[in-house]
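Here's the letter readout for the chains.
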Amino acid sequence: LSMYAAYMATLGNREDLFPNSSYVGKYSETPPKYEIPSEVMADETFSALITEAEKYIGMPYVWGGSNPNTSFDCSGFICWVYTQSGVCNLPRMTAYGIYLRCTPISASQAQPGDLVFFANTYDCPEPISHIGIYVGNGKMLHCGNPIGYADLSNSYWKSHMYGFARPK
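Residues numbered from 1 in each chain as written. Predicted model: local features only at pLDDT ≥ 70, side-chain atom pairs only at ≥ 80, totals over all residues. Heavy atoms only, no water.

K.L.:
Sorry if this is basic, but what is going on with the overall build of the protein here?
P.N.:
Helices and strands together make up the secondary structure of the protein, namely six helices and eight strands. In the protein, which comprises 168 residues, the share counted as buried stands at 46%. By sequence separation, contacts in the protein at least 24 residues apart represent 54% of the contacts at least 6 residues apart. As displayed, the protein offers around 8700 Å² of accessible surface, 51% of which is attributable to carbon and sulfur atoms. (Helix = DSSP H or I, 4+ residues; strand = E, 2+ residues; numbered from the N terminus. Buried < 20%, exposed > 50% of the residue type's maximum accessible area, 1.4 Å probe, protein only. Contact = heavy atoms within 4.5 Å. Areas by Shrake-Rupley, 256 points an atom, 1.4 Å probe, with all protein chains shown as cover.)

K.L.:
How do you make sense of the pattern of salt bridges when you look at a structure like this?
P.N.:
Pairs may arise between side chains of opposite charge once their charged atoms sit close together. According to the stated counting rule, one finds five salt bridges in the structure shown. E52 is paired through a salt bridge with K55; the nearest N and O atoms lie 2.8 Å apart. Looking at E52, the relative accessible area reads 9%, which means it is buried. Accessibility expressed as a relative area gives 53% for K55, which makes it exposed. (Salt bridge = Lys/Arg side-chain N within 4 Å of Asp/Glu carboxyl O.)

K.L.:
Looking at this model, I keep getting lost on helix 4 (residues 74-85). Mind explaining?
P.N.:
Think of an α-helix as turning once every 3.6 residues; residues three or four places apart then point the same way. The end-to-end C-alpha distance of helix 4, which contains twelve residues, comes to 17 Å, matching closely the 16 Å that a straight helix rising 1.5 Å per residue would cover. Helix 4 sits mainly inside the fold: nine of its twelve residues count as buried. Of the residues flanking the end of helix 4, it is G86, one or two places downstream, whose phi is positive at about 85°. (Expected span 1.5 Å × (residues − 1).)

K.L.:
What am I meant to see in the nonpolar core here?
P.N.:
A general tendency of soluble globular proteins is for nonpolar side chains to be buried together. Counting 34 residues, the largest nonpolar core has F77, I78, I98, L115, F117, I133 and V135 as its most contacted members. Secondary structure elements with two or more residues in this core: helix 3 (44-54), helix 4, helix 5 (95-100), strand 4 (115-118), strand 5 (130-136), strand 6 (139-143) and strand 7 (147-151). By residue number, the principal contributor to this core is helix 4, which donates six residues. Setting aside residues up to four positions removed in sequence, I98 forms contacts with S75, I78, C79, L90, M93, L115, F117 and I131. (Core = buried A, V, L, I, M, F, W, Y, C linked by side-chain atoms within 4.5 Å.)

K.L.:
Teacher, can you tell me more about helix 3 here?
P.N.:
Every buried residue of helix 3 is listed here: F46, S47, L49, I50, E52 and A53. Close packing links the buried residues of helix 3 with helix 2 (38-41), helix 4, strand 5, strand 6 and strand 7. The distance from a side-chain oxygen at the start of helix 3 to the backbone nitrogen of T45 is 2.8 Å, and the residue carrying that oxygen is D43. (Polar contact = N/O pair within 3.5 Å; in protein donor to acceptor, adjacent residues only side chain to side chain.)

K.L.:
Sorry if this is basic, but what is going on with the packing of helix 3 against helix 4 here?
P.N.:
Describing two packed helices takes the angle between their axes plus the distance from one axis to the other. One can describe the packing of helix 3 onto helix 4 by two numbers: an axis separation of 9 Å at closest approach and a directional angle of 130°. Our classification of the angle between helix 3 and helix 4 gives oblique. For helix 3 against helix 4, the interelement crossing comes out right-handed. Where helix 3 abuts helix 4, its residues A48, L49, E52 and A53 lie against F77, W80, V81, Y82, Q84 and S85. (Axes fitted to C-alpha atoms, helices over the stretch in contact; angles between N-to-C directions. Parallel < 35°, antiparallel > 145°, perpendicular 65-115°, else oblique. Left-handed = near helix turned anticlockwise from the far one by under 90°.)

K.L.:
Can you walk me through the environment of G136 in this structure?
P.N.:
When you line up the elements, G136 lands in strand 5. Among residues more than four places away in sequence, those in contact with G136 are Y34 and P112.

K.L.:
Which parts of the structure should I look at to understand the pairing of strand 4?
P.N.:
On any regular strand, side chains alternate: one points to one face of the sheet, the next to the other face. Along strand 4, one buried face is formed by L115 and F117 and the opposite face, lined by V116 and F118, is buried too. The pairing of strand 4 with strand 8 (residues 161-167) spans four bridges and is antiparallel. Note on strand 8: the bridge partner recorded for V116 is F164. (Pairing = 2+ DSSP bridges.)

Read these as spatial facts, not as claims about activity.
Laid out in C-alpha cells, this is it:
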C-alpha cells in the first residue's frame, strides 16, 4: 500500500504520460487550507486533535489504509488521529463501528472535534460509509482524495448526511 501511495502521489514520476488525467496535480498541489478560528484553537483538546490531523493533509485516500506509512481511508484516518492526539483511544474499526462508540448529537450541538457521519457514499452493508472531523463553521477535515477540508453545505455532503456524534 505504501508503494501504491507513493506511485499515486508522484504519478510514477511520469506526468507527461498523464497530461489530461484528473490525478495530475491532485497529490502534488496542497489542498486549500481552512483557517480555524483562534478561539476554537484555544481548546487544548481540539488543538491537539487538529494539529495531529493536519499533518496528513494532501495524502491520498487508500482503501484499508490506517497509518502514515500506508496513507489512510476515512475510518483509518479518524482512528489514527484521535488515538495519536490522545483525545480518545479508537482502535482500528469502520466508520459505523466508530459511530457506535459515540453519543449522537444534533447539528446544532456539534462542536469542533465532534464527528460527522455520512451514508451511501459507496455501496456497503453498514448504514454509515464515511466520516470526518467537524471543525466548526460548517466545515470538516476528512480523508477525501486527498485528505483535506470540505464544506458541509456542498450538495454532495448534504445529500449523504447521516448526522453528528461525540466520541465518549
